[in-house]
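Spelled out, the chains give:
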Amino acid sequence: MPSNNAKYFQKTRGQTAKFIIKPGSPWENGFCESFNFRIREELLNGELFDNLYEAEVLTKRWAKYYNTIRPHSSLGSRPPVPKTIIPRQAVTAN
(Lines give C-alpha, C1' and ligand atoms only; values in the text may rest on other atoms or scores of the structure.)
Protein backbone atom coordinates (compact mmCIF):
# COMPACT_ATOMS: atom_id res chain seq x y z
CA MET A 1 0.00 0.00 0.00
CA PRO A 2 1.55 3.32 -1.00
CA SER A 3 2.25 5.86 1.74
CA ASN A 4 -0.46 8.25 0.45
CA ASN A 5 -3.12 5.57 0.87
CA ALA A 6 -1.76 4.66 4.32
CA LYS A 7 -2.00 8.30 5.42
CA TYR A 8 -5.53 8.52 4.00
CA PHE A 9 -6.52 5.37 5.90
CA GLN A 10 -5.14 6.76 9.16
CA LYS A 11 -7.18 9.95 8.72
CA THR A 12 -10.40 8.05 8.01
CA ARG A 13 -10.00 5.22 10.54
CA GLY A 14 -13.40 4.06 11.70
CA GLN A 15 -15.09 5.26 8.51
CA THR A 16 -15.59 3.65 5.14
CA ALA A 17 -12.67 4.63 2.95
CA LYS A 18 -12.20 4.32 -0.82
CA PHE A 19 -8.82 3.49 -2.26
CA ILE A 20 -8.33 4.59 -5.83
CA ILE A 21 -5.90 2.67 -8.00
CA LYS A 22 -4.28 4.98 -10.49
CA PRO A 23 -4.45 3.95 -14.15
CA GLY A 24 -1.26 2.22 -15.24
CA SER A 25 -0.37 0.87 -11.79
CA PRO A 26 -1.85 -2.65 -11.51
CA TRP A 27 0.73 -3.58 -8.83
CA GLU A 28 -1.51 -1.76 -6.34
CA ASN A 29 -4.25 -4.34 -6.90
CA GLY A 30 -3.33 -7.87 -5.78
CA PHE A 31 -6.14 -9.53 -7.76
CA CYS A 32 -5.13 -7.86 -11.02
CA GLU A 33 -1.47 -8.60 -10.41
CA SER A 34 -2.21 -12.27 -9.69
CA PHE A 35 -4.23 -12.59 -12.91
CA ASN A 36 -1.51 -10.86 -14.93
CA PHE A 37 1.03 -13.33 -13.54
CA ARG A 38 -1.19 -16.34 -14.35
CA ILE A 39 -1.90 -15.29 -17.94
CA ARG A 40 1.80 -14.60 -18.52
CA GLU A 41 2.94 -17.92 -16.97
CA GLU A 42 0.22 -20.20 -18.34
CA LEU A 43 -0.48 -18.70 -21.77
CA LEU A 44 1.89 -16.07 -23.09
CA ASN A 45 5.20 -17.68 -22.14
CA GLY A 46 4.21 -20.92 -23.88
CA GLU A 47 2.78 -19.60 -27.14
CA LEU A 48 4.06 -17.85 -30.22
CA PHE A 49 1.20 -16.26 -32.14
CA ASP A 50 1.49 -16.09 -35.92
CA ASN A 51 -1.40 -13.67 -36.35
CA LEU A 52 -4.05 -11.78 -34.43
CA TYR A 53 -6.77 -14.37 -35.11
CA GLU A 54 -4.65 -17.17 -33.61
CA ALA A 55 -3.95 -15.03 -30.53
CA GLU A 56 -7.68 -14.36 -30.12
CA VAL A 57 -8.64 -18.04 -30.45
CA LEU A 58 -5.97 -19.28 -28.04
CA THR A 59 -6.71 -16.54 -25.52
CA LYS A 60 -10.44 -17.36 -25.54
CA ARG A 61 -9.62 -21.06 -25.13
CA TRP A 62 -7.33 -20.29 -22.18
CA ALA A 63 -9.95 -17.99 -20.58
CA LYS A 64 -12.57 -20.76 -20.82
CA TYR A 65 -10.12 -23.22 -19.22
CA TYR A 66 -9.19 -20.67 -16.52
CA ASN A 67 -12.83 -20.02 -15.58
CA THR A 68 -14.35 -23.50 -15.89
CA ILE A 69 -11.67 -26.17 -15.31
CA ARG A 70 -8.54 -24.76 -13.63
CA PRO A 71 -8.66 -24.98 -9.81
CA HIS A 72 -8.23 -21.73 -7.88
CA SER A 73 -6.61 -21.92 -4.45
CA SER A 74 -8.69 -19.01 -3.13
CA LEU A 75 -11.87 -21.03 -3.87
CA GLY A 76 -10.75 -24.21 -2.17
CA SER A 77 -9.26 -25.72 -5.34
CA ARG A 78 -12.50 -25.29 -7.30
CA PRO A 79 -12.98 -23.41 -10.57
CA PRO A 80 -14.93 -20.12 -10.41
CA VAL A 81 -17.62 -21.25 -12.87
CA PRO A 82 -17.66 -25.05 -12.91
CA LYS A 83 -19.53 -26.92 -15.60
CA THR A 84 -22.69 -28.17 -13.90
CA ILE A 85 -24.92 -29.05 -16.85
CA ILE A 86 -24.78 -32.64 -18.05
CA PRO A 87 -25.16 -32.78 -21.84
CA ARG A 88 -28.32 -34.56 -23.04
CA GLN A 89 -26.28 -37.10 -25.08
CA ALA A 90 -24.36 -38.23 -21.98
CA VAL A 91 -27.61 -38.87 -20.11
CA THR A 92 -29.27 -40.89 -22.90
CA ALA A 93 -26.09 -42.86 -23.70
CA ASN A 94 -26.11 -44.63 -20.31
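Below or above, wherever it landed, is the structure these notes cover. Note that the structure is predicted; figures quoted are calculated from it, not measured.

## A look at the overall build of the protein chain
Then, in step 1: Counting its secondary structure elements, the protein chain contains 4 helices and 0 strands.
Then, in step 2: Taken from the N to the C terminus, the helices and strands of the protein chain come in the order α-α-α-α.
Then, in step 3: Residue pairs at least 24 apart in sequence account for 15% of intrachain contacts in the protein chain once pairs closer than 6 positions are excluded.

## Re the side chain of His72
Then, in step 1: When you line up the elements, His72 lands in the loop between α3 (52-68) and α4 (88-93).
Then, in step 2: Within the local environment of His72, its side chain forms a polar contact with the backbone oxygen of Arg70, the two atoms lying 3.5 Å apart.
Then, in step 3: Those residues in contact with His72, other than ones at most four positions away along the chain, are Tyr66, Ser77, Arg78, Pro79 and Pro80.

## Examining the environment of Asn67
Then, in step 1: By secondary structure assignment, the location of Asn67 is in helix α3.
Then, in step 2: For the pair Asn67 and Val81, spaced 14 residues apart in sequence, the C-alpha separation works out to 5.6 Å.
Then, in step 3: Here Asn67 is in contact with Pro79, Pro80 and Val81, once residues within four sequence places are set aside.

## A closer look at the packing of aromatic side chains
Then, in step 1: This model, assessed by the stated rule, comprises 3 aromatic pairs.
Then, in step 2: Geometrically, the ring pair formed by Phe35 and Trp62 is tilted, given 6.0 Å between the ring centres and 55 degrees between the ring planes. A residue pair is termed long-range when its members are at least 10 positions apart, and Phe35 in helix α2 (residues 30-42) and Trp62 in helix α3 qualify at 27 residues.
Then, in step 3: Aromatic pair Phe35 and Tyr66: ring centres 5.5 Å apart, planes at 80 degrees, arrangement edge-to-face. Of this pair, Phe35 sits in helix α2 while Tyr66 sits in helix α3, and the two are 31 residues apart along the sequence.
Then, in step 4: By relative accessible area, Phe35 is classed as partly exposed at 34%.
Then, in step 5: Counting every residue linked through ring pairs, the aromatic cluster contains Phe35, Trp62 and Tyr66.

Conventions adopted
Residues numbered from 1 in each chain as written. Predicted model: local features only at pLDDT ≥ 70, side-chain atom pairs only at ≥ 80, totals over all residues. Heavy atoms only, no water. Helix = DSSP H or I, 4+ residues; strand = E, 2+ residues; numbered from the N terminus. Contact = heavy atoms within 4.5 Å. Polar contact = N/O pair within 3.5 Å; in protein donor to acceptor, adjacent residues only side chain to side chain. Phe/Tyr/Trp six-rings, centres within 6.5 Å; stacked < 30°, edge-to-face > 60°. Buried < 20%, exposed > 50% of the residue type's maximum accessible area, 1.4 Å probe, protein only.

Keep in mind that these numbers describe shape and distance, not what the molecule does.
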